[in-house]
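Spelled out, the chains give:
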Amino acid sequence: MSEVIRPEILFDLIAYHLPASLRPHVMLAGSLAAAYHHRDQLIGGVVNTKDADVMIHPAGAIAECAAIAARLIEQGWRRIDKCYPRKTPKPTDSTDPDEWLMAIRLSPKDSDAYFLELLAFPQEGQQEIKRWEPCQLDDGWYGLPCFRYLGLTEFERQTAANGIAYAAPRMMALANLLSHPTLRPDVVIKQKEEGRTIMRAAKDIGRVLALAWLSDADTVRSWADSWRTALARRFPGEHVELGRRAGDGLRALLADADALDQARHSVVTGLLSGHDLTTDNLRVVGKQLLELAIDPLRRDR
Amino acid sequence: VSSPVEPERARPDNRRIYFSKFPKRMFVPELQGKRDLVAALVQLADWQREHPQDERSLWTWVPRMTRSRVEQEWSRFRHVIRPEIAQHLGIVALAKDGPWVSLSSEDPVAAEKEARKLLPTFKPPPKEEPIEWSAPTSKFFDVWKVLLNAWLTREGPLTALQIVARSGASSPTVAAALSRLRQREEIANTRNQPIELLSFPRGTLREVLALSDSLRRPHRYVDASGRPPDPQRLLKNVLESRPAGIYVGGIAAARHYDPRFDLNGLPRLDLVSTNVVETDWLRKLDPALRLTNDPTRTPVLVVHPIEDYPSAAISGTRWADPTETLLDLHELRLVEQAEDLVRALRREK
């Protein structure tokens, strides 16, 4: 069950629990990073998450990821319930290969306040939006999710007061936008949110809308230049095309009342808990985001 | 027939009568038509503004109007004045085809009976001088603003030609407006002389404020994203981007004109726009802004469209003129601060 907690406390706990030698190799991403960045705007200053997505640097360092996981386990970190090994890196039955390996999710030795989920940093050549990298630990095989567009988070990295690095919200927003060019109603969050089935795309693009909402219009306007630079450096050769279609999923979401309501449900039970936002509010934010940050990329040649 | 009560104060300058027995009623024994009715309603609204918590009602005889016409004018009037004033106003009118009573608190039959008993007994006080009472028109408003601005900026008297040029009104319209202001003794009773206000025109200001929405036609915008309103950010953007035909008014302009202006924060941004059709600048300012007619929603931005704006001719200015700024403050009900601004502007240099 999730609990509310101040994101800066979670950051401090992570900094305290992580061995000092590992800290330079990790960068927090996802909802916790976003909550920390916007901590002053959270209702009550708290966030409803225990999930700390941790990206391991450098890119493609699967062996280093395994070594980091092994070291944490050696120091007493515990696998959470949904983290168990497979005997082989590929399915031995009809299981979907993408469902076969479990992500490495570890709680610190003496706290249940959060768990780390290890993500591998994608290599520049990765084409799949999401790839599972097999990772062998002492007791068997696990998986390291590797998201192509999260590679954008290497740009404009932020550093918390305690020295922990975290992804810039604007780069997480772009990664989420590019990861969902369509809504794909068949891809849903496994765990229902308050009894409601939520499309993965609705949740992730909803997160983008939440990040835009938490930023003012001037900040959102500045995203276009940041995105242009990051796309050109991370994806030279296809950056213009990526920029042109960055808003496809968002447009689809805005045109689908049910999907937009799923996005609303997801953000008001998560990052924007207590803000009492309506779908009309989110639609306005979406249009604002399109106009200020996404459409300028669309006009690039 | 003797009057049941004696008039407590009957003003010679108009036909209103107040009685201590009915402290919240304004009696006007006879109104000739629509124009008289509207003028009386303006005075009623003006009176209510002095006692914002009280109900006020107009009791009158309108022998040349029908009940439906009275109701129509009443409804129209209520739509152009501020809702917080309108909700406290009422009318009991004896029209030519019967009574019309707006007051929900009054029994219509009893109200009619009382009106028929009281109104004929009231004799209008003798008129020392016939004065035309009518609601200020938009053209009168334009002329008056030109004179007020000249007075606030200590510019000195203006010629009639200057007033025509600055207000965009025709010569006959300006002449009629000046005649009205002479009758009100807000300008000197002279002819063929340069013109200026004799003092701060409080009487006309009150009338103008009662009809502020219809005269100024403010466009109110809210941030439809649901974010906390941030007028300060909008102000910064407007000052930096300087969209064509847009001038900053309200509290920001008051601070520009009077650095000691006594108010913290910026509850909303007021702008004057000579760009009455083009709204591209607004979308660039923030695409989340949406026009609202809902009086319960607090706007983050209010735009006052103006077609003829002489102040815009002042090269390089970003600020609305002192008159628009003053009217903005009154719209915000910052009456004390508005008075301070007048004093600061008129202070001897």
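Residues numbered from 1 in each chain as written. Chains lettered and ligands numbered in written order. Predicted model: local features only at pLDDT ≥ 70, side-chain atom pairs only at ≥ 80, totals over all residues. Heavy atoms only, no water.

1. What about the overall build of chain A?
The number of helices and strands found in chain A is eleven helices and eleven strands. Its C-alpha atoms give chain A principal-axis dimensions of about 50 × 45 × 40 Å. Counting the 301 residues in chain A, one finds 54% classified as buried. Across chain A, contacts joining residues at least 24 apart in sequence account for 74% of those joining residues at least 6 apart. Averaging the coordinates of the 38 positive side-chain charges in chain A and doing the same for the 41 negative ones gives two points 2 Å apart. (Helix = DSSP H or I, 4+ residues; strand = E, 2+ residues; numbered from the N terminus. Buried < 20%, exposed > 50% of the residue type's maximum accessible area, 1.4 Å probe, protein only. Contact = heavy atoms within 4.5 Å. Lys, Arg positive; Asp, Glu negative; His and termini not counted. Charge placed at Lys NZ, Arg CZ, Asp CG, Glu CD.)

2. Side note on the interface of chain B and chain A
Tallying the contact residues gives 14 residues for chain B and 16 residues for chain A. A combined buried area of about 1100 Å² lies between chain B and chain A, and 45% of that area is made up of carbon and sulfur atoms. The interface formed by chain B and chain A includes two salt bridges. Here R233 of chain B and D218 of chain A are joined by a salt bridge, their closest N and O atoms 3.6 Å apart. For the pair chain B and chain A, the interface holds eleven residue pairs in polar contact (both at pLDDT 80 or more). Looking at which element gives the most residues to the side of chain B that touches chain A, the answer is helix α12 (residues 280-285) of chain B, with three residues. Looking at side-chain class alone, the side of chain B that touches chain A contains five nonpolar, three polar and six charged residues. (Buried area = accessible area lost by both parts, 1.4 Å probe. Salt bridge = Lys/Arg side-chain N within 4 Å of Asp/Glu carboxyl O. Polar contact = N/O pair within 3.5 Å; in protein donor to acceptor, adjacent residues only side chain to side chain. Nonpolar A, V, L, I, M, F, W, Y, C, P; charged D, E, K, R; others polar.)

3. Comments concerning the sheet that holds strand β2 (residues 26-29) of chain A
Residues and elements named next belong to chain A. A sheet is described by the order of its strands in space; here seven strands give the open sequence β5-β6-β7-β4-β2-β11-β10, paired in mixed fashion. Only two strands of the sheet have a single neighbouring strand rather than two, namely β5 (78-79) and β10 (158-159). As judged from the two bridges shared by β5 and strand β6 (residues 105-107), these two strands associate in the antiparallel manner. Residue pairing in the sheet places R78 in a bridge with S107 of β6. Contacts from helix α3 (residues 62-74) reach β4 (51-56), β5, β6 and β7 (115-120), with the element oriented near 165° to β7. (Pairing = 2+ DSSP bridges. Axes fitted to C-alpha atoms, helices over the stretch in contact; angles between N-to-C directions.)

4. A word on the packing of aromatic side chains
All names here are of chain A. The full count for this structure, using the stated rule, is nine aromatic pairs over all chains. With 4.1 Å between their ring centres and 15° between their planes, F11 and Y36 make a pair best called stacked. Placement of the pair is F11 in helix α1 (residues 7-17) and Y36 in helix α2 (residues 30-37), with a sequence separation of 25 residues. F11 sits in the buried class, given a relative accessible area of 1%. Each ring, one from Y36 and one from Y166, has its centre 5.3 Å from the other, and the planes form 75°; the classification is edge-to-face. Of the two residues, Y36 sits in helix α2 while Y166 sits in strand β11 (residues 165-166), which places them 130 residues apart along the sequence. A single burial state applies to Y36 and to Y166, both of which are buried. A network of ring pairs unites the aromatic residues F11, Y36 and Y166 as a single cluster. (Phe/Tyr/Trp six-rings, centres within 6.5 Å; stacked < 30°, edge-to-face > 60°.)

5. Points about the sheet that holds strand β11 (residues 301-305) of chain B
Residues and elements named next belong to chain B. Within the open sheet, the five strands sit side by side as β8-β9-β11-β7-β10. Their pairing is mixed. Single-partner strands in this sheet number two, and they are β8 (246-248) and β10 (289-292). Strand-to-strand twist of the sheet, defined as the mean angle between neighbouring strand axes without regard to direction, takes the value 30°. One ladder, built from three bridges, connects strand β7 (residues 219-223) with β11; its direction is antiparallel. Residue H219 lies in a different strand from β11, and its bridge partner there is V303. In this fold helix α10 (residues 231-241) packs onto β8, β9 (269-273), β10 and β11, with an angle of close to 35° to the strand it touches most, β9.

6. Brief notes about the packing of helix α13 (residues 322-331) of chain B against helix α14 (residues 335-346) of chain B
Residues and elements named next belong to chain B. Put simply, α13 and α14 touch, their axes get as near as 8 Å, and they point 160° apart. Between α13 and α14, the crossing angle belongs to the class labelled roughly antiparallel. Relative to α14, the crossing made by α13 is left-handed. In this structure, α13 uses P322, T325, L326, L329 and H330 to contact α14, whose residues at the interface are V335, Q337, A338, L341, V342 and L345. Of the residues in the contact of α13 with α14, the class split is eight nonpolar, three polar and no charged. (Parallel < 35°, antiparallel > 145°, perpendicular 65-115°, else oblique. Left-handed = near helix turned anticlockwise from the far one by under 90°.)

7. Brief notes about the packing of helix α10 (residues 257-268) of chain A against helix α11 (residues 279-298) of chain A
Any two packed helices are characterised by the angle at which their axes cross and by the distance between the axes. Residue and element names in this part refer to chain A. Packing of α10 against α11 brings their axes to within 9 Å, and their N-to-C directions diverge by 100°. Put simply, α10 runs roughly perpendicular to α11. Between α10 and α11, the contacting residues are L260, D261, A263, R264 and V267 on the first element and T279, L282 and R283 on the second. Here the contact of α10 with α11 is built from residues that sort into four nonpolar, one polar and three charged.

8. A few points about the pattern of salt bridges
The tally for this structure, following the rule as stated, stands at 50 salt bridges over all chains. Across the pair D139 of chain A and R79 of chain A runs a salt bridge whose closest N-O atoms are separated by 2.9 Å. You can see D139 of chain A sitting in the loop between β8 (130-137) and β9 (140-147) and its partner R79 of chain A sitting in strand β5, a full 60 residues away along the chain. Assessed through its relative accessible area of 34%, R79 of chain A is described here as partly exposed. Across the pair R76 of chain B and E73 of chain B runs a salt bridge, and its minimum N-O distance is 3.6 Å. Here R76 of chain B pairs with E73 of chain B, and both are found in helix α2 (residues 67-80), just three residues apart, close to one helical turn. The exposure class of R76 of chain B is partly exposed, given its relative accessible area of 42%.

9. Let's talk about the pairing of strand β5 (residues 89-95) of chain B
Residue and element names in this part refer to chain B. In terms of burial, β5 is a largely internal element, seven of the seven residues being buried. Residues L89, I91, A93 and A95 point to one face of β5 and G90, V92 and L94 to the other, with burial holding for every one of them. Taken together, the four bridges between β5 and strand β6 (residues 98-101) define a ladder with antiparallel strand orientation. Bridge pairing links A93 to W100 in β6.

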